[in-house]
Amino acid sequence: MRFLTVCSFFIICSCACSSTRNSATRIDKAADSPGTASPQSTSKANDMPARTATRTDSFMENLLAGHPEYFSDILNNREARKVQIIYTRIDRKSDNTPVFTPYYFNVNAGNYFYPASTVKMPVALLTLEKLNDMKVSGLDKNSAMTTGTAFSGQSEVLNDPSSANGSPSVAQYIRKIFLVSDNDAYNRLYEFLGQEYINNTLKEKGYQYADILHRLDIPLTQEQNRNTNPVKFTDSSGNLIFEKPAMTSKLAYPSRHETVGKGYYSGGKLVEKPLDFSAKNRFSLEELTRVLQSVLFPASVPASQRFRLTDEDYRFVRKYMSELPRESVYPPYPADAYWDSYVKFLMYGSDKNVRLTPGTIRIFNKIGDAYGFLTDVAYVVDFEKGIEFMLSASIYCNGDEILNDDNYEYENFGWPFMKNLGQLIYDMESKRKKEVMPDLSEFKMDYGGEN
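Not measured: the values here are computed from a predicted model. (Residues numbered from 1 in each chain as written. Predicted model: local features only at pLDDT ≥ 70, side-chain atom pairs only at ≥ 80, totals over all residues. Heavy atoms only, no water.)

Draft legend 1. Broad picture of the overall build of the chain. Within the chain, the secondary structure is distributed over 10 helices and 15 strands. For the chain, with 451 residues in total, the buried portion stands at 59%. Carbon and sulfur atoms make up 49% of the accessible area of the chain, which amounts to about 17,100 Å² in all. (Helix = DSSP H or I, 4+ residues; strand = E, 2+ residues; numbered from the N terminus. Buried < 20%, exposed > 50% of the residue type's maximum accessible area, 1.4 Å probe, protein only. Areas by Shrake-Rupley, 256 points an atom, 1.4 Å probe, with all protein chains shown as cover.)

Draft legend 2. Representation of the sheet that holds strand S14 (residues 387-396) in the model. Across the sheet, 5 strands lie side by side as S2-S1-S14-S13-S12; this open sheet has antiparallel pairing. Two strands bound the open sheet, and with one partner strand each, they are strand S2 (98-105) and strand S12 (361-370). Geometrically, the sheet is characterised by an average inter-axis angle of 10 degrees between neighbouring strands, direction not taken into account. Here strand S13 (residues 373-382) pairs with S14 via 10 bridges, running antiparallel. In the strand pairing of S14, Ala 378 is matched with Leu 391. Contacting strand S1 (84-92), S12, S13 and S14, helix H10 (residues 410-431) runs over the sheet at an angle of about 155 degrees to S14. (Pairing = 2+ DSSP bridges. Axes fitted to C-alpha atoms, helices over the stretch in contact; angles between N-to-C directions. Contact = heavy atoms within 4.5 Å.)

Draft legend 3. Spotlight on the pairing of S12. Judged by how many residues are buried, S12 sits mostly within the fold: 10 of 10 residues are covered. Of the two faces of S12, the one carrying Ile 361, Ile 363, Asn 365, Ile 367 and Asp 369 and the one carrying Arg 362, Phe 364, Lys 366, Gly 368 and Ala 370 are both buried. Here S12 pairs with S13 via 10 bridges, running antiparallel. Its bridge partner lying in S13, Asn 365 is registered against Ala 378. Here S12 folds back onto S13 in antiparallel fashion, the turn holding 2 residues, of which Tyr 371 has a positive phi close to 55 degrees.

Draft legend 4. Representation of the packing of aromatic side chains in the model. Summed over the entire model, instances satisfying the criterion amount to 27 aromatic pairs. With 5.7 Å between their ring centres and 65 degrees between their planes, Phe 364 and Phe 443 make a pair best called edge-to-face. With a gap of 79 residues between them, Phe 364 in strand S12 and Phe 443 in the segment after H10 connect regions that are remote in the sequence. Look at Phe 364 and you get buried, because its relative accessible area is 0%. In textbook terms, an aromatic cluster arises when at least three aromatic residues are bridged by ring pairs, as seen for Phe 100, Phe 297, Phe 364, Tyr 379 and Phe 443. Across from the ring centre of Tyr 396, 5.4 Å away, lies the NZ or CZ of Lys 82, which sits over that ring. A cation over a ring is seen here: Lys 280 above Phe 277, with NZ or CZ 5.6 Å from the ring centre. (Phe/Tyr/Trp six-rings, centres within 6.5 Å; stacked < 30°, edge-to-face > 60°. Lys NZ or Arg CZ within 6 Å of the ring centre and 35° of its normal.)

Draft legend 5. Molecular detail of helix H8 (residues 285-296). The end-to-end C-alpha distance of H8, which contains 12 residues, comes to 17 Å, matching closely the 16 Å that a straight helix rising 1.5 Å per residue would cover. When you tally the buried positions in H8, you get 10 out of 12 residues, the bulk of the element. Those residues of H8 that fall on the buried side of the exposure criterion are Leu 285, Glu 287, Leu 288, Thr 289, Val 291, Leu 292, Gln 293, Ser 294, Val 295 and Leu 296. (Expected span 1.5 Å × (residues − 1).)

Draft legend 6. Just helix H4 (residues 170-180), in detail. Burial analysis of H4 places 11 of its 11 residues in the buried class, which makes it a mostly covered element. Here H4 has its buried residues at Val 170, Ala 171, Gln 172, Tyr 173, Ile 174, Arg 175, Lys 176, Ile 177, Phe 178, Leu 179 and Val 180. Where H4 is buried, its residues contact helix H3 (120-134), strand S3 (144-147), helix H5 (183-193), strand S5 (231-234), helix H9 (311-322) and S12. Positive backbone phi, approximately 60 degrees, marks Ser 181, located one or two places after H4.

Draft legend 7. Up close: the nonpolar core. Ile 85, Tyr 379, Phe 417 and Leu 421 are the most contacted members of the largest nonpolar core, which has 122 residues in total. A per-element tally of this core places H10 first, with 10 residues. If we ignore the near neighbours within four places in the chain, the residues touching Phe 417 are Phe 71, Ile 74, Val 83, Ile 85, Ala 393 and Ile 395. (Core = buried A, V, L, I, M, F, W, Y, C linked by side-chain atoms within 4.5 Å.)

Draft legend 8. Local environment of the packing of H3 against H8. Relative orientation of the contacting elements H3 and H8 amounts to 40 degrees, with a least axis distance of 10 Å. In this view, H3 runs oblique relative to H8, as classed from their interaxial angle. The handedness of the crossing between H3 and H8 comes out as left-handed. Between H3, through Met 121, Pro 122 and Leu 125, and H8, the contact on the second element is made entirely by Leu 288, Val 291, Leu 292 and Val 295. Looking at side-chain class alone, the contact of H3 with H8 contains 7 nonpolar, no polar and no charged residues. (Parallel < 35°, antiparallel > 145°, perpendicular 65-115°, else oblique. Left-handed = near helix turned anticlockwise from the far one by under 90°. Nonpolar A, V, L, I, M, F, W, Y, C, P; charged D, E, K, R; others polar.)

Draft legend 9. View of the pattern of salt bridges. Inspection of the entire model under this criterion finds 25 salt bridges. Here Asp 73 makes a salt bridge to Arg 81, at a shortest N to O gap of 3.7 Å. A residue is classified by how much of its surface remains accessible, and Asp 73, at 28% relative accessible area, is partly exposed. With a shortest N-O distance of 2.7 Å, Arg 92 and Glu 388 are connected by a salt bridge. Linking Arg 92 in strand S1 with Glu 388 in strand S14, this pair joins segments that are 296 residues apart in sequence. Each of Lys 203, Asp 211, Arg 256, Glu 258 and Arg 282 takes part in one network of salt bridges that share partners. (Salt bridge = Lys/Arg side-chain N within 4 Å of Asp/Glu carboxyl O.)

Draft legend 10. Quick peek at the packing of H3 against H4. At their nearest, the axes of H3 and H4 sit 10 Å apart, and the two run at 160 degrees to each other. On the basis of the axis angle, H3 is roughly antiparallel to H4. Handedness of the crossing formed by H3 with H4: left-handed. Contacts from Lys 120, Met 121, Ala 124, Thr 127, Leu 128 and Leu 131 of H3 reach H4 at Val 170, Ile 174, Ile 177 and Phe 178. Among the residues forming the contact of H3 with H4, the class breakdown is 8 nonpolar, 1 polar and 1 charged.

Pasting the structure below:
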């Protein structure tokens with residue numbers, strides 16, 4: 001593959017997409033109203049982790065500097081662009097055990113970026129873990145899951161025409177999350193787990209910079225996001241298996257003081273001050289990378305930070321992380337609306353003209369884009385050439401520093417950056433000599449269908 005460049009409430013209306021993009025499914029607008037977190041308390045105190053030092057390895061600095069035609073703006077404006085990069089080199093021992101060597105560029109967990117849809121990945125994994133921990137006879141990810149209402153701003157789900165049997169389920173929601181980054185699918189899992197459970201469990205696993213406080217794409221207050229819907233699971237005959245009542249989170253929000261930009265639009269009017277993100281979702285790039293690593297290489301992550309998944313769960317998640325929308329049968333996704341690189345920023349920059357060849361390169365990843373922030377956390381595999389590496393990147397694509405104006409620089413800045421970065425690392429890896437070629441067979445999936 002050649003290294004190419006690309007030529008070409010309630011303040012919650014950040015569309016975060018260009019006019020050429022289908023935003024109905026993947027673009028995730030914020031779901032809570034901005035402002036000071038509620039003082040309600042609770043189950044556990046969420047103290048703000050200490051600020052860390054910024055990490056930049058000379059290897060990454062020199063690598064980017066070697067291609068000023070692509071990265072000079074990044075190097076010269078790294079703070080304004082809020083760029084963070086983690087490239088993880090993978091070598092194999094003689095028994096195929098992976099050895100990871102991370103390299104950092106401008107990485108600091110204390111430097112806030114809006115994680116957007118990337119938070120859907122840990123929520124999906126927590127849902128599978130929760131089902132396993134519940135040990136309810138007859139209950140699994142394929143059980144029919146209906147969602148009711150019990151609080152203002154909530155909506156119900158009784159069926160799902162996109163599934164093979166017409167019923168919503170955890171499995172179907174997870175498919176949608178990884179195939180096209182569906183917002184409603186994430187919201188339904190958030191409602192099943194509840195805000196308090198999500199955050200306490202992630203903190204217990206050691207993800208100290210993880211705050212998942214709201215749904216996506218719907219404008220709700222903090223109180224509405226604390227309240228989550230009643231959920232029922234039934235078997236194929238409609239018999240009740242398990243019922244989760246409506247819940248109210250008493251989570252103590254961490255004391256955060258994070259703002260973005262110099263102005264934002266609200267109600268069609270420009271407010272000339274930064275937008276407050278202190279009560280919005282947060283997740284550090286390094287911890288998102290660790291979440292992805294825990295799914296792909298669970299033995300390489302401390303047991304306390306893994307998700308309690310079955311072998312079948314791992315296979316299921318990996319499949320839909322890497323499947324192309326057009327390969328999916330249930331749900332079906334038309335190729336003209338969901339092109340091959342629709343949620344593949346690194347390597348392909350969400351280029352509509354890219355047509356990927358199944359069986360060669362696969363990308364296991366989760367993206368996010370909103371409020372001008374663009375993020376991708378990925379594991380790239382080339383089965384033919386024996387190439388593998390992990391690459392995570394986040395960047396701010398909002399040169400005018402005005403939010404909610406639908407004038408973000410995804411198309412002419414963010415996606416080209418992601419594409420160029422991914423291809424730079426891929427080209428370097430294709431030339432790198434390895435003592436042991438990897439056996440990548442565990443990452444080969446049977447695509448299409450429901451399983």
